[in-house]
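What follows is each chain in one-letter form.
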Amino acid sequence: MSVCRNWRHCLAALLAAAFAGLAGCGSPDAKFVEYRTYARLSEKAAGYENGFTHLQRQDVNNVLAALYGTPDAPSLPALANVDVTKLLDISKLKLAAGSVGSDGKGRPRGLYREHCAHCHGITGDGNGPTASFLNPYPRDYRAGLFKFKSTPIGYRPLHEDLKKIVIDGIPGTAMPSFRLLPDQEIEALVEYVKYLAIRGETERQFYNGLKDDISESDFLSHADPAVAAKELADGNDGKAPAQKAIDEKVAETDKQRLEAIKGYTETVFQKWLEAAEFMTQDTVKVTNRNDAMRVLREELVAAGSNEKKLTDEMVLAESQQRGRKLFYGPIGNCFTCHGPTALGDGQLGDYDGWTVELIGKTPKKEDIKDYIKHGMPEPRNIRPRNLRHGVYRGGMRPLDLYWRVRNGIEGTPMPGNDKLKPQEIWHLVNYVQSLPYEQISNPYEAVPENRRERN
Amino acid sequence: MKLKLLFMFAIALLAATSAQAQDWGNLKAKFILEGTAPTPEKANVNKDVELCLKHKLVDETFKIDAKSGAIQNVLVFLSPKPGTAKPKIHPDFLKAPSDVVLDNLNCRFTPHIVTLYTAQKLVIKNSDPVGHNTKADFFENVPFNDQIPGGGSITKTLTKTESAPTPLSCGSHPWMSAKILVREDPYAAVSNEKGELTIENIPAGKWTFTIWHEGCGFVTVGQQDGKAKEWKKGKIDVEIKKGDNNLGEIKIPVAVLTKSKK
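The structure presented is a predicted model; accordingly, all values stated were derived computationally and were not measured.

### Notes on the sheet that holds strand β13 (residues 196-203) of chain B
Residue and element names in this part refer to chain B.
Consideration 1: Spatial ordering of the open sheet is given by β13-β1-β19-β16-β17, a layout of 5 strands whose pairing is mixed. A strand with exactly one partner marks an edge of an open sheet, and here the two such strands are β13 and β17 (227-230). Adjacent strand axes in the sheet meet at a mean angle of 30°, parallel and antiparallel pairs treated alike.
Consideration 2: Sheet topology places strand β16 (residues 221-224) next to strand β19 (residues 243-253); 2 bridges connect them, and they run antiparallel. Across the sheet, the residue bridging to Q223 is K251, located in β19.

Below is the structure:
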C-alpha cells in the first residue's frame, strides 16, 4: 500500500507492472528459420509432387536443434572424426548469441542481434527486416560461400578473411565497418557467422540427403514402420511380415540414419578445416609487387633501357601497358565481361550463384514466382564491376586485387586464372588500378568544316 | 593320404566359392520415348556472335531420334544405399584409367553428359579461338570456375561421389551447359544415339541403380517391356548375374521426360 500514496503513483506502478508482463509474454523466443528455398529445390529434384511433408521438415529441424541449439542457446555437435573446437569456440558464440543486453559485470550479450541480424537475419539467411531495401542484398551465409577471401573458389574462407570484412566493411555496399568494436567482440561476431554458415550448410546436406540417398523411408533421423512393413512385404510376394522383422528393419535403418547424419555434419566441418590446409600447401604463392617491379626493371635494362634514366614511373607505365594487353588478350579475357571500356557492361544478363542455384541462368517466370514464395529475394542481374570507379568491394589493397584475379570470386561468374604467372597478375593489378585515371577515348576535336558545310 | 585328399578337396571347394564371389556382369538398357519428341529450342547466342551464330546452336536437353524415339543422354548409375557396402572395382578399371575429356568446341560443350570415375582425371579443353571459362558447382567435390584461353586446357582431380549430376556452365557464354556425374566407382553409363547403354563388369549381386535424365531429373515413371512401372526417386533394384543382364526396353512418356523443362 505504501507505493500507492496517491493516484499518480498507483498508475505508474500499474503501468510498470503491465509492461513487465508484456515483455514476459509478448516477445516469443527467437527461432531459426527453415531453409525453405533449398528444401524446395531438393523436393523438386526428388520428384515429390507435393513437397516434403510437415513431419519430414520438422524432423530435419529437430535434428538441427539437437546439433546446433537455438539462437538463444547455441551448442556444437560432438563428432567422432572431426575436432569441432578447432573451428568454433563455444564461449565466443555465447557472447554473440541471445538477445541484446549485458550481464552483471557489464559484459555485452547478443552482439549478433545488435549489429548484424537486422540485415543478415537471425538465421544468417540474408533476409533480415532491412534486406529487401538493400542493393546488393545482404549475404545469405547458409551456403557457406563468401566472395572476398584469400582462398580459391571451392574452398571455405579463412577466419582472417571474414574478420577483415567485419573490420573494413564492403565499399560500395551497405556493409559497414565495425572497426570501432573491441577485438574480442569482433572475434565473437566472426565465430557466430561461421557457426550460422556451418549450421546452414548442414541443413543443405540433410535436404540433399533426403533428396536422393535416403529412399527406404523418407525421414532423416528414423524409419517409418509402415514403409518398412510395405518394403518387407514387397520383397516377399506381398506376404505381411512379422512384427519382429519390422522392428529389426526399423532398428537397422535408424542406425544407418544416425551414421548418415554424422557423416553429413562431418563433411561440413571438414570443408572449413581443409581451407586452412590448402592455403599452407598452395603452390602458387602470392609474390610481392615490389619484387615484380624489380624483375620488370631488370628485364627492361637487359633489353637496352638506360638504367640511370629509367624511373620507377616508367617501369610502372610499362607494367600497366603489359597489363592492358593481358586485359584485352585471350589469356586474361577480362574485357568479355568487364566490357570493351572496362565500364562493367560486357555481360549484363547473368545472375549470382545463390540465385542460379535455384532458378538457373535463363529463369522461367513460374520458377521465380515459386522460389520468391519460399523466401528467395526478387532476383537481380549481377553486374561485372565497373573498373573506372576505383571502388573495390573486396578491398583496395593491391593484394586484394591480386587475389580476385588469381582466385576468382566465389558465387559469381568471375573465374579464377591459373594460366597467368604471378608477374603477369601484378601487371593486371597495376593496369586495373590505373583505369579510373585512363581516358576512355580520345574525343574528336570540333571540326570547323562542319560549320562551313551547314552554311 | 585320405586326409590329404580331403584337405585338397576342401581347398578346391574354397577356391571355387571365392571365384564365384567375384563374378562380374554387364547391365544393358534401351530408352525409347512414348509420344512426340519436343523440338529443341534455339539457343540465345548473344556473345561472340560472329564465331558462334553459324553453328546454329540449340538447347541440348532433348536429343531424341524422331523416327525411332531413341532417347540419347539417359544416365544410369549404381547407387548403393547410405550405410551399405560399396561395390568392388573390376581389375580392368584399375589399370591406368584414361582421362575424361570435355571439350569447348564450336561454342558448346562436347559431350553434353559425361560420367567420371574418381580414378580418372577430368581434362577440360578449349578448341575454340575465344576464351571460355568453365564453372562447376559441385556439392561434395571442390567446385571451380576457371578461365581457359583458346587452345588451352585445364586438368582436375575429383575425389568424392556426387549423388546427382553436377551442372557445368560457361560464364562468358550463358547458353553453354553440360552435366558431369562423379562417382567413386566406374558403374555409370550414358545412352547413345540409339538410346542404348551398357554398364560393364559390375560385381554380381543385388544392387540399386538410379535412372536420370536432364529433362526430368530422376526418371520416376515408365514402361519396362510393356509393363507400367514406378521407380521412386528413379531407383531400380536389379540382381546382377554373371554375363549380360538386360533391363529391356524402357519407354518413358514425353510428359514425364519434359517435366522440369515445361
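### Overview of the interface of chain A and chain B
Consideration 1: Taken together, the 30 residues of chain A in the interface contact 28 residues of chain B.
Consideration 2: Of all the secondary structure elements, the ones that give two or more residues to the side of chain A that touches chain B are α2 (36-46), α8 (183-213), α10 (243-281) and α13 (335-338) of chain A.
Consideration 3: Considered class by class, the residues forming the side of chain A that touches chain B number 11 nonpolar, 12 polar and 7 charged.

### Re the nonpolar core
Consideration 1: Counting residues in hydrophobic clusters, the biggest one holds 55 residues, and the most contacted among them are L75(B), V76(B), F77(B), I180(B), A188(B) and I211(B).
Consideration 2: Aside from chain neighbours lying at most four places away, what touches L75(B) is I113(B), P165(B), L181(B), A188(B), V190(B), W212(B) and H213(B).
Consideration 3: Counting residues in hydrophobic clusters, the runner-up holds 28 residues, among them I165(A), L196(A), A197(A) and W272(A).

### A look at the domain arrangement of chain A
Interface size is commonly expressed as the accessible area that is lost once the parts come together.
Residue and element names in this part refer to chain A.
Consideration 1: Taken domain by domain, chain A comprises domain 1 (28-282) and domain 2 (289-348 + 383-437).
Consideration 2: Taken together, the contact between domain 1 and domain 2 spans 14 residues of the former and 13 residues of the latter.
Consideration 3: Residues of the side of domain 1 that touches domain 2, tallied by class, amount to 7 nonpolar, 4 polar and 3 charged.

### Overview of the environment of F31(B)
Residue and element names in this part refer to chain B.
Consideration 1: Topologically, F31 is positioned in strand β1 (residues 24-34).
Consideration 2: In sequence terms F31 and E193 are 162 residues apart; their C-alpha atoms lie 10 Å from each other.
Consideration 3: The contacts of F31, once residues within four sequence positions are left out, are I71, V74, S191, G195, I250 and I252.

### Details of the pairing of strand β6 (residues 121-126) of chain B
All names here are of chain B.
Consideration 1: Burial along β6 is one-sided: L122, I124 and N126 are buried, while K121, V123 and K125, pointing the other way, are not.
Consideration 2: Pairing of β6 with strand β9 (residues 153-157), which is carried by 5 bridges, proceeds in the antiparallel orientation. Bridge pairing in β9 links L122 to K156.

### What to know about helix α3 (residues 54-68) of chain A
Residues and elements named next belong to chain A.
Consideration 1: Taking 1.5 Å of rise per residue, the 15 residues of α3 would be expected to cover 21 Å, and the 21 Å separating its terminal C-alpha atoms lies within 8% of that figure.
Consideration 2: Every buried residue of α3 is accounted for by Q56, V60, V63, L64, L67 and Y68. Looking straight down α3, one finds its buried side chains confined to an arc of 110°; they lie on one side. The exposed set on the far side of α3, more than 90 degrees from its buried face, consists of H54, L55, N62 and A66.
Consideration 3: Buried residues along α3 sit against α8 and α10.

Conventions and cut-offs
Residues numbered from 1 in each chain as written. Chains lettered and ligands numbered in written order. Predicted model: local features only at pLDDT ≥ 70, side-chain atom pairs only at ≥ 80, totals over all residues. Pairing = 2+ DSSP bridges. Helix = DSSP H or I, 4+ residues; strand = E, 2+ residues; numbered from the N terminus. Axes fitted to C-alpha atoms, helices over the stretch in contact; angles between N-to-C directions. Contact = placed C-beta atoms within 7 Å. Nonpolar A, V, L, I, M, F, W, Y, C, P; charged D, E, K, R; others polar. Core = buried A, V, L, I, M, F, W, Y, C linked by C-beta atoms within 7 Å. Buried ≥ 20, exposed ≤ 12 C-beta atoms within 10 Å, placed from the backbone. Domains from an automatic or database assignment. Expected span 1.5 Å × (residues − 1). Arc of directions from axis to C-beta.

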